[in-house]
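If you want the building blocks of each chain, they are given just below.
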Amino acid sequence: MALFTVTDACTGCGLCVAACPASLVRQAKPGDAPHALPGREAHCIRCGHCVIACSKRAFVHALLPAEAFEPIRRKDLPTPAALSHLLMARRSCRTYAQETLFRQAILGLIESVRHAPTGHNMREVGWVVVDGPERMDAARTLVLDWIAAEVAADTPKAAELHLAGAARAAARGKDVIFRGAPHVVVAHAPAIGISPEVDAVIAASWLEIAAAAAGYAACWCGYLMFALASHPPVGQALGIPAGSTGYAALLLGKPATRVKWIPPRDVPEVIFF
Ligand SMILES: Cc1cc2nc3c(=O)[nH]c(=O)nc-3n(C[C@H](O)[C@H](O)[C@H](O)COP(=O)(O)O)c2cc1C
């Protein structure tokens, strides 16, 4: 099967050729209709850029049906000022309302970040949502057991992450692990891949922003991330698929209170080379 065809509306402008990241769309000379590089169809990463480059909608991709493409609603895009303000107003939340989120709301957030970039457009990031207080208790126990083992073995990680202090706080009844959040969402990806950790962290970062935009509260959950990275049974117990690793974890819920101020942050040093 041909990877793509072009309709009579093709003008031979070559924008599809320029758009293909894998250089699979070729053109004999400007003005000619494009053709696929023979024998390399399997290298297509299905990013769809060849299709969207064509203002005439003349580029028909065999693997990406035309009806699956959505128009961009320019009027719905945030202004730069609105986006900048959202990025500054997003905060790590450590006080959550004791209320679970509807699964549909969590799914909506996750679906909204499915366009996050991934290396080679692999799109292999998956999610585990720890759903509600009982499951959070079970997950917390997994993390605290890992912390106890690190402290008992006096590992460098235990010292570096002050895990003994976290264990003491937990023993006093302070939930330093999950901060009373009703959910923690883990982004995972197959450990063998182009850029699984970066892909998962980007997706989770987008999720944090999407949650802030929707009025939810979130916070990165370092203890769970360290436990997932150091002790694979934690991921297995949470249902992360075999062969995949949980690389990013975000607490999620509704905020117990709404803060009204943005704290100061240093302006980063920038070098133009
Ligand atoms: C990788 C990572 C792990 C984090 N782990 C935790 C955590 O375990 N507990 C926590 O309360 N905050 C955690 N945070 C949140 C940071 O402490 C937070 O970003 C910082 O305090 C600044 O606050 P802000 O995010 O509201 O600007 C983590 C942040 C990152 C990026």
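Residues numbered from 1 in each chain as written. Predicted model: local features only at pLDDT ≥ 70, side-chain atom pairs only at ≥ 80, totals over all residues. Heavy atoms only, no water.

Colleague: Help me understand the nonpolar core in this model?
Modeller: It is characteristic of soluble globular proteins that their nonpolar side chains tend to be buried jointly. Ranked by internal contacts, the top residues of the largest apolar core, which has 32 residues, are F178, V184, L224 and L251. Secondary-structure elements contributing two or more residues to this core are strand 5 (126–131), helix 5 (133–152), helix 7 (163–171), strand 6 (183–190), strand 7 (217–220), helix 9 (222–230) and strand 8 (244–253). In terms of residue count, helix 5 provides more of this core than any other element does, five residues in total. In this structure, L3, C16, C50 and A58 belong to the second largest nonpolar core, which totals 13 residues. (Core = buried A, V, L, I, M, F, W, Y, C linked by side-chain atoms within 4.5 Å. Buried < 20%, exposed > 50% of the residue type's maximum accessible area, 1.4 Å probe, protein only. Helix = DSSP H or I, 4+ residues; strand = E, 2+ residues; numbered from the N terminus.)

Colleague: Help me understand the sheet that holds strand 5, please; the structure alone is not making it clear to me.
Modeller: Sheet strands associate in pairs through backbone hydrogen bonding, adopting either a parallel or an antiparallel arrangement. If you trace the four strands from one edge of the open sheet to the other, you get 5-6-8-7, paired in antiparallel fashion. With one partner strand each, in any of the chains shown, strand 5 and strand 7 form the two edges of the open sheet. Direction aside, the axes of adjacent strands within the sheet are offset by 30 degrees on average. Where strand 7 and strand 8 come together, four bridges link them in antiparallel fashion. Looking at strand 8, one finds that A217 is bridged to G253. (Pairing = 2+ DSSP bridges. Axes fitted to C-alpha atoms, helices over the stretch in contact; angles between N-to-C directions.)

Colleague: Quick question: what am I supposed to make of the side chain of H61 here?
Modeller: When you line up the elements, H61 lands in strand 4 (residues 59–61). For H61, a relative accessible area of 5% gives the class buried. Only 3.0 Å separates the side chain of H61 from the backbone nitrogen of L63, close enough to count as a polar contact. Excluding residues that lie within four positions of it along the chain, H61 makes contacts with L3, F4, C44, C50 and V51. (Polar contact = N/O pair within 3.5 Å; in protein donor to acceptor, adjacent residues only side chain to side chain. Contact = heavy atoms within 4.5 Å.)

Colleague: Help me understand the site of the ligand, please; the structure alone is not making it clear to me.
Modeller: The full set of residues close to the ligand is R90, R91, S92, R94, R179, C219, W220, C221, G222, Y223 and R265. A distance of 2.5 Å separates an oxygen atom of the ligand from a polar atom in the side chain of R94. Interatomic distance of 2.7 Å between a side-chain N/O atom of R265 and an oxygen atom of the ligand. Summarising the interface, the protein chains cover 62% of the accessible area of the ligand, which totals 620 Å² for the free molecule. Taken together, the elements giving at least two residues each to the shell around the ligand come down to strand 7 and helix 9. Looking at the shell around the ligand residue by residue, the classes come out as four nonpolar, two polar and five charged. (Near = heavy atom within 4 Å. Areas by Shrake-Rupley, 256 points an atom, 1.4 Å probe, with all protein chains shown as cover. Nonpolar A, V, L, I, M, F, W, Y, C, P; charged D, E, K, R; others polar.)

Colleague: Explain the domain arrangement of the protein chain to me, please; I cannot follow it from the model alone.
Modeller: Many descriptions give the size of an interface as the accessible area lost when the pieces come together. In terms of domains, the protein chain is made up of domain 1 (4–68) and domain 2 (80–253). Inter-centroid distance (C-alpha atoms) of domain 1 to domain 2 is 39 Å. (Domains from an automatic or database assignment.)

Colleague: Sorry if this is basic, but what is going on with the environment of T5 here?
Modeller: Examined against the element boundaries, T5 turns out to sit in strand 1 (residues 4–6). C-alpha separation for the pair T5 and A58, spaced 53 residues apart in sequence, amounts to 8.3 Å.

Colleague: Hey, could you run me through the environment of R258 in this one?
Modeller: By the element assignment, R258 lies in the segment after strand 8. Relative accessible area serves as the criterion here: at 60%, R258 is assigned to the exposed category. For the pair formed by R258 and T100, sequence separation is 158 residues and the distance between their alpha carbons is 17 Å. For R258, the side chain forms a polar contact with the main-chain oxygen of G215, separated by 3.2 Å.

Colleague: Would you explain helix 8 (residues 196–213) in this entry?
Modeller: Note: α-helices contain 3.6 residues per turn, so residues at a spacing of three or four share the same orientation. Taking 1.5 Å of rise per residue, 18 residues should cover 26 Å, and helix 8 covers 26 Å from first to last C-alpha, within 8% of that figure. Turning to helix 8, its buried residues are P196, D199, A200, A203, A204, L207, E208, A210 and A211. Those residues of helix 8 hidden inside the fold are in contact with helix 4 (103–112), strand 5, strand 6, strand 7 and strand 8. Just beyond helix 8, the residue with positive phi is G215, at close to 85 degrees. (Expected span 1.5 Å × (residues − 1).)

Colleague: Would you take a moment to explain the pattern of salt bridges for this structure?
Modeller: Scanning the model with the defined rule gives eight salt bridges in all. Between E99 and K254 there is a salt bridge, with its nearest N and O atoms 2.7 Å apart. In this pair, E99 is assigned in the loop between helix 3 (80–89) and helix 4 and K254 in the segment after strand 8, connecting sequence segments 155 residues apart. Given a relative accessible area of 36%, E99 falls into the partly exposed group. The partly exposed category is assigned to K254, whose relative accessible area is 31%. (Salt bridge = Lys/Arg side-chain N within 4 Å of Asp/Glu carboxyl O.)

Colleague: Please explain the packing of helix 5 against helix 9 as it appears in this structure.
Modeller: Packed helices, taken two at a time, are described by the angle between their axes plus the distance between the axes. Interaxial distance between helix 5 and helix 9 falls to 10 Å at its minimum, and their mutual angle equals 70 degrees. Taken together, the axis directions place helix 5 and helix 9 in an arrangement best described as roughly perpendicular. Of the two possible hands of crossing, helix 5 and helix 9 adopt the one that is left-handed. On helix 9, the residues that touch V143, W146, I147 and E150 of helix 5 are Y223, L224, F226, A227 and S230. (Parallel < 35°, antiparallel > 145°, perpendicular 65-115°, else oblique. Left-handed = near helix turned anticlockwise from the far one by under 90°.)

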